[in-house]
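# Descriptive analysis of the structure
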Amino acid sequence: MTDRIDTKLAELGLSLPEAAAPVAAYVSVVEAGGMLFLSGQLPFRDGQLVKGRLGEGVSLEDGQDAAKLCGLMVVAQIRKALDGDLSRVKRIVKLGVFVNSAADFTDQAKVANGASELMVALFGDAGRHARSAVGVPVLPLGAAVEIDAIVEIGTAL
């Protein structure tokens, strides 16, 4: 699956970033009971955090792109946690999507599609997941979007 995902990323003109280090008192990934629990991942483009509030200067399309960038960081964290072996991913179980939103912005679900569609594109049916999409008034460091995840994994081949 790792080769297939690398091929799909190339087809989409995307690449995985380096897995970001935690910025506070937590770890990026915890493995427990055949699951990976990923801390919230922020959107980075060319090493710069994508900041702003949807409905106040950040467009829906830019929000979807930020969600996709978070999704790429989720996959980068999974890859790092599994020592590069993405074939161990059995299913993307759930994404929690937090959108830095103006009070009247109500398209959080559309923003979250940026990450959800990426997971399906990369993992096929195993990328179909449950999801929450929540509007919040502020996110760490002023990020536009933050995404956490739960991933079912199998044993190494």
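About the cut-offs
Residues numbered from 1 in each chain as written. Predicted model: local features only at pLDDT ≥ 70, side-chain atom pairs only at ≥ 80, totals over all residues. Heavy atoms only, no water. Helix = DSSP H or I, 4+ residues; strand = E, 2+ residues; numbered from the N terminus. Expected span 1.5 Å × (residues − 1). Salt bridge = Lys/Arg side-chain N within 4 Å of Asp/Glu carboxyl O. Core = buried A, V, L, I, M, F, W, Y, C linked by side-chain atoms within 4.5 Å. Buried < 20%, exposed > 50% of the residue type's maximum accessible area, 1.4 Å probe, protein only. Contact = heavy atoms within 4.5 Å. Polar contact = N/O pair within 3.5 Å; in protein donor to acceptor, adjacent residues only side chain to side chain. Pairing = 2+ DSSP bridges. Axes fitted to C-alpha atoms, helices over the stretch in contact; angles between N-to-C directions.

## Observations concerning helix 2 (residues 60-81)
Over its 22 residues, helix 2 runs 31 Å from end to end, which matches the ideal 32 Å to within 8%, given 1.5 Å per residue. The first or second residue beyond helix 2 is D83, which carries a positive phi of 50 degrees.

## Some points on the pattern of salt bridges
Taken as a whole and assessed by the stated rule, the structure comprises eight salt bridges. Between E31 and R88 there is a salt bridge whose closest N-O contact spans 3.8 Å. With E31 in strand 1 (residues 29-32) and R88 in the loop between helix 2 and strand 7 (89-100), this residue pair connects regions lying 57 residues apart in the sequence.

## A look at the nonpolar core
Ranked by internal contacts, the top residues of the largest apolar core, which has 41 residues, are I78, F123, V145, I147 and V151. When residues of this core are traced back to their parent elements, those giving at least two are helix 1 (2-11), strand 2 (35-41), helix 2, strand 7, helix 3 (108-123) and strand 9 (145-153). Top element by residues in this core is helix 2. It accounts for 10 residues. If we ignore the near neighbours within four places in the chain, the residues touching I147 are S39, G40, Q41, A67, C70, G71, V74, L95, G96, V97 and A115.

## Regarding the side chain of Q41
Position of Q41 relative to the elements: it lies in strand 2. A polar contact is formed between the side chain of Q41 and the side chain of Q77, at a distance of 3.1 Å. Those residues in contact with Q41 that lie beyond four places of it in its chain are S28, C70, M73, V74, Q77, V145, E146 and I147.

## Points about the sheet that holds strand 2
Reading across the sheet, the five strands line up as 1-2-9-7-8 and stay open at both edges, with mixed pairing between neighbours. With one partner strand each, in any of the chains shown, strand 1 and strand 8 (130-136) form the two edges of the open sheet. Between one strand and the next, the sheet's axes are offset by a mean angle of 15 degrees, whatever the strand orientation. Inspection of the sheet shows strand 1 paired to strand 2 by four bridges, in the antiparallel sense. Across the sheet, E31 pairs through a bridge with L36, a residue of strand 2. Against the sheet, helix 2 touches strand 1, strand 2, strand 7 and strand 9, its axis set at about 40 degrees to strand 9.

## Some remarks on unusual backbone geometry
One non-glycine residue, D46, adopts positive backbone phi at about 55 degrees. At D83, a position not held by glycine, the phi torsion is positive, near 50 degrees. Within the secondary structure, D83 sits in the loop between helix 2 and strand 7. Using a relative accessible area of 74% as the deciding quantity, one classes D83 as exposed.

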